[in-house]
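# Architecture at a glance
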Amino acid sequence: MPFSSVIKADLMVASRRSCCICHRFRGVNIEVHHIVEESKGGPNIADNGIPLCFDCHADVKHYNAQHPRGTKYSGSELRKHKVEWFKRVAVVAPTANLAEHRQIDVRIATEIHHYMTSGGGFYFLRDHDIWASYKSSVVEGIFSLLNVSDNPDMQFFDADLETARAEFVGDLAKGMSAVSFLTSLTGNGNYSLGSSIEIDLSPRIEEIRKEVAKANDLCSEAAVSYSELFHLMRSKLGIDLRF
Ligand SMILES: [Zn+2]
């Protein structure tokens, strides 16, 4: 038996249709997962349900105990994700910790913006066509940001900021994995697709063209989601971030 529509609606409201694990807003692409599986006696009550996006739901479900790889999500861990996220989404009125939380969010916003602008990473995402080579220093900030993005101290307290951040980091990871797949470091500290003669002669030239176009698009999308996060960081926190 699935969860009742009333329980589902309650959980959708409590999570604001953002995923309890990755915090991205997912609109209709979100589902309620049983923390304890039905086949193992998990009841169809709100306490046993957790709203997850399709990606995280697949991660949670596809762990194969016969061929263990990675670390399985335990029931208690899922419950903790849910409780923590619901708590953050529920904060609409000022709380005792509000000033302290704001201070932490300002610190995170400033750090993220620094990573995005120090080496010109934002302009790389927005303007650079990876047919042309680029300096490794331009993407250093972006990779540093991706490296720290899983740290709990890089998550905003404010739920609006946190969903925007999660969306942006997801887009950034997609864009940079496409770019990393296509380009490699050459001797002079530049990244490029390879020597232009080799590319022109490659029998895969049409395929390469498509992959490059796709990578450029993904980077542009990441730039757009950063712009959205940037506006939100400025308006919600009232800080003067600049490019
Ligand atoms: Zn998710």
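In the block above lies the structure referred to throughout.
Below: a short report on this structure. Quick caveat: nothing in here was measured; it's all calculated off a predicted structure.

The buried count for strand S1 (residues 30-34) comes to 4 of 5 residues, which makes it a mostly enclosed element. Bridging between S1 and strand S2 (residues 49-53) involves 5 bridges; their strand directions are antiparallel. When the sheet's bridge partners are listed, His34 is paired in S2 with Gly49.

Our next topic: the pattern of salt bridges. Tallying each qualifying case throughout the model produces 15 salt bridges. With a closest N to O distance of 3.4 Å, Arg209 and Glu206 form a salt bridge. Of the two residues, Arg209 and Glu206 are both situated in helix H9 (residues 205-237); the distance of 3 residues between them amounts to about one turn of the helix. When salt bridges that share partners are traced, they join Arg16, Asp158, Asp160 and Lys236 into one network.

So, on to the environment of Leu241. Along the chain, Leu241 turns up in the segment after H9. With near-sequence residues (within four places) excluded, Leu241 lies in contact with Ala109, Thr110, His113, Phe230, Met233 and Arg234.

Our focus in this paragraph is the nonpolar core. Residues Ile112 and Leu125 are the most contacted members of the largest nonpolar core, which totals 44 residues. Those elements that provide at least two residues to this core are helix H4 (98-117), helix H5 (121-127), helix H6 (136-148), helix H7 (159-182) and H9. Among the elements that line this core, the one with the most residues is H9, at 13 residues. Discounting residues that sit within four places of it in the chain, Leu125 has contacts with Met116, Ile142, Leu172, Met176, Cys219, Ser220, Ala222 and Ala223. The next biggest cluster of nonpolar side chains, apart from the first, holds 20 residues, and it includes Phe3, Ile50, Trp85 and Val89.

Conventions and cut-offs
- Residues numbered from 1 in each chain as written.
- Predicted model: local features only at pLDDT ≥ 70, side-chain atom pairs only at ≥ 80, totals over all residues.
- Heavy atoms only, no water.
- Buried < 20%, exposed > 50% of the residue type's maximum accessible area, 1.4 Å probe, protein only.
- Helix = DSSP H or I, 4+ residues; strand = E, 2+ residues; numbered from the N terminus.
- Pairing = 2+ DSSP bridges.
- Salt bridge = Lys/Arg side-chain N within 4 Å of Asp/Glu carboxyl O.
- Contact = heavy atoms within 4.5 Å.
- Core = buried A, V, L, I, M, F, W, Y, C linked by side-chain atoms within 4.5 Å.

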